[in-house]
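In case you want the letters, here they are:
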Amino acid sequence: MFLKIPRLYDSHTHFLATGEFAAGLHLGSLKNANDVSSLQLSPSYFRGDWLVGFGWNEKGWSEEPHKNILDKAFPNNPVFFARMDGHRSWVNSRALDILGATSQDGILIEKDHLRAWEMLPSFSKEQDRHHILSACQVYNKAGFTHVRDMTCSEHLWNLLIEMGEKKEITLAIEENCTTHDLNDFDKTLQSAIQMKKAETTLLRMKGIKLFYDGSLGSQTAFLSKPYNGLPDGTRGMTLWELSEVEEVIKKTWTAGLDFSVHTIGDEAAHQMVQLVRKVSAQGFVGRFNLEHAQMLRPETIQMMKPLHVRCHMQPCHWLSDRVWLKQKLGDLYKHVFPWEALRLAQIPMSFGCDSPIEPPSFWRNKQALEESPQHGIRKFTGDLSQVHSHPDTNFAADSYSVFAEGELKEIVFNGQKLF
Ligand SMILES: [Zn+2]
């Protein structure tokens, strides 16, 4: 069976991290924390003298990850190993010293984790060019011609401009800059404004993103009811004060940029929708992107209707989360992955894969939509190709991908046949 999709779009991805991941140290095969001592190392795994890896998952390990294990295996280098969910990291004592961070066991979570990640020494320009080319290949091989990147920096932007002029970039790219707190926000906004002035026909600056809550895997997504079975009644956490987010929305919209927010928990999403309505009622106008939208209550969806909103969902997360989702959420499970409820409410949606957390793949999203109805998730009756296609028909207009039996047969980007 042939399937031709115009402007195949991954609407939520981490572009540079996808390239770094393709060339980096993978920890997903560790069977135990102590196995780090037998890792085979290559020069491409280092940033400066830091050893950096991704993707560990302690499920099934007989010992907990601990800084002492890394201290013993890598006494001479600072080590930063990010967990598979991208919300915590495992570091050694040298790393803690350099970061000026304190952690009894060497595990950094959420903001501490993200700060540590940002403090890592940069790759060389050559390493980064290599990562950008690797990322383009990863997406193109999966059939994507359009991506929306959530993790821009001036450095990445400048390289994309430079490599775009040489026609080395085989993707239409939308960029967003992430702000972590009000201290860095003004600087982030100013740099996004400058980048917007330098847009090209294939590279756009869209706006500002922030993380309002965490992840379900780490019990940091912010819920309206306690996590099922946790004795302390925790509902997760929020990473910003509402008044601070309000300031971000107003300044971002005033600059003509989009406001995008990561929310996983139903209460996190509800509070953001409420806040955007409040800011809109004060006369501020702008676009609002709800990233993940993994749990939405019916009243939250109703409240979204008058807004310039788009939900960016990644069905493939369901494939990874399904084993524990029901157990963890209990009664709130009925609100997960509400793609059909959003479709019925006519809220615009785009699908993506959140690479490198999940591999970029139209077909894994299709699989999730096909299998999830057997697990109590309402069946999506919309057109998957349509929600996976870039909505702007003028953006790299002559782009399409052809699949036969799930395999990519042809990909044309901006009039140029890639393979
Ligand atoms: Zn993401």
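This section reports on the structure supplied with the text.

Rules used throughout
Residues numbered from 1 in each chain as written. Predicted model: local features only at pLDDT ≥ 70, side-chain atom pairs only at ≥ 80, totals over all residues. Heavy atoms only, no water. Helix = DSSP H or I, 4+ residues; strand = E, 2+ residues; numbered from the N terminus. Buried < 20%, exposed > 50% of the residue type's maximum accessible area, 1.4 Å probe, protein only. Polar contact = N/O pair within 3.5 Å; in protein donor to acceptor, adjacent residues only side chain to side chain. Contact = heavy atoms within 4.5 Å. Donors = N, O, S within 2.8 Å, 3.2 Å for Na, K, Ca; no water. Core = buried A, V, L, I, M, F, W, Y, C linked by side-chain atoms within 4.5 Å. Axes fitted to C-alpha atoms, helices over the stretch in contact; angles between N-to-C directions. Parallel < 35°, antiparallel > 145°, perpendicular 65-115°, else oblique. Nonpolar A, V, L, I, M, F, W, Y, C, P; charged D, E, K, R; others polar. Salt bridge = Lys/Arg side-chain N within 4 Å of Asp/Glu carboxyl O.

1. Notes on the side chain of Arg83
Here comes step 1: By the secondary structure assignment, Arg83 is in strand S6 (residues 79–83).
Here comes step 2: A residue is classified by how much of its surface remains accessible, and Arg83, at 8% relative accessible area, is buried.
Here comes step 3: Among the polar contacts listed, one links the side chain of Arg83 to the side chain of Asn57, at a separation of 3.4 Å.
Here comes step 4: Those residues in contact with Arg83 that sit more than four places away from it in its chain are Gly55, Trp56, Asn57, Glu58, Lys59, Arg88 and Ser89.

2. Quick look at the coordination of the zinc ion
In an ideal octahedron of six donors the angles at the metal are 90 or 180 degrees, and in an ideal tetrahedron of four donors they are 109.5 degrees.
Here comes step 1: At the metal site, the zinc ion is ligated by His12 (NE2), His14 (NE2) and Asp354 (OD), and these contacts range over 2.1 to 2.3 Å.
Here comes step 2: In primary sequence terms, the donor set of the zinc ion follows H-x1-H-x339-D. Of this pair, His12 sits in strand S2 (residues 9–13) while Asp354 sits in the loop between strand S15 (349–351) and helix H13 (362–371), and the two are 342 residues apart along the sequence.

3. Things to note about the nonpolar core
Here comes step 1: Grouped together as the largest cluster of nonpolar side chains are 95 residues, with contacts concentrated most on Phe15, Leu216, Phe259, Phe288 and Leu290.
Here comes step 2: In terms of residue count, the dominant contributor to this core is helix H9 (residues 266–281) (7 residues).
Here comes step 3: Phe288 has contacts with Trp253, Phe259, Val261, Met272, Val273, Val276, Leu307, His308, Val309 and Arg310, leaving out every residue within four places of it along the chain.
Here comes step 4: Counting 17 residues, the second largest nonpolar core, distinct from the first, contains Leu51, Leu70, Phe81 and Trp90.

4. Observations concerning the packing of helix H11 (residues 316–329) against H13
Here comes step 1: The interhelical angle for the contact between H11 and H13, taken along N-to-C directions, is 55 degrees, at an axis separation of 7 Å. Overall, the two elements H11 and H13 adopt an arrangement that is oblique. Contacts between H11 and H13 involve Cys316, Trp318, Leu319, Ser320 and Arg322 from the first element and Arg364, Asn365, Gln367, Ala368 and Glu371 from the second.
Here comes step 2: Its residues assigned to classes, the contact of H11 with H13 shows 4 nonpolar, 3 polar and 3 charged.

5. Considerations on unusual backbone geometry
Here comes step 1: Across the junction of Ser355 and Pro356, the peptide omega takes the value 10 degrees, indicating a cis bond.
Here comes step 2: Relative to the assigned elements, Pro356 resides in the loop between S15 and H13.
Here comes step 3: Its identity as a non-glycine residue notwithstanding, Gln219 has a phi of 55 degrees, on the positive side.
Here comes step 4: If you trace the backbone, Gln219 turns up in the loop between strand S11 (203–211) and helix H8 (242–254).
Here comes step 5: For Gln219, a relative accessible area of 26% translates into the label partly exposed.
Here comes step 6: Positive phi, normally seen in glycine, also occurs at Ala396, with a value near 45 degrees.
Here comes step 7: The residue Ala396 is located in the loop between helix H14 (384–387) and strand S16 (400–404) in this model.
Here comes step 8: Take Ala396: its relative accessible area is 5%, and that puts it in the buried class.

6. Topic: the environment of Ser224
Here comes step 1: The topology assignment puts Ser224 in the loop between S11 and H8.
Here comes step 2: Here the side chain of Ser224 touches Asp266 through a polar contact of 2.6 Å, side chain to side chain.

7. Structural notes on the pattern of salt bridges
Any two side chains of opposite charge can pair, so long as their charged atoms come close to each other.
Here comes step 1: Enumeration over the complete set of coordinates arrives at 25 salt bridges.
Here comes step 2: Put simply, Glu168 and Arg129 hold a salt bridge, and the shortest N to O gap is 3.4 Å. Within this pair, whereas Glu168 is found in the loop between helix H6 (154–165) and strand S10 (172–178), its partner Arg129 is found in helix H5 (residues 125–141), the two being separated by 39 residues in sequence.
Here comes step 3: When its relative accessible area of 25% is taken as the criterion, Glu168 is described as partly exposed.
Here comes step 4: When its relative accessible area of 15% is taken as the criterion, Arg129 is described as buried.
Here comes step 5: When the shortest N-O distance is used, the salt bridge between Arg148 and Glu291 registers 2.6 Å. Here Arg148, found in strand S9 (residues 146–149), pairs with Glu291, found in strand S13 (residues 288–292); they are 143 residues apart in sequence, far enough to count as distant.
Here comes step 6: What makes Arg148 buried here is its relative accessible area of 3%.

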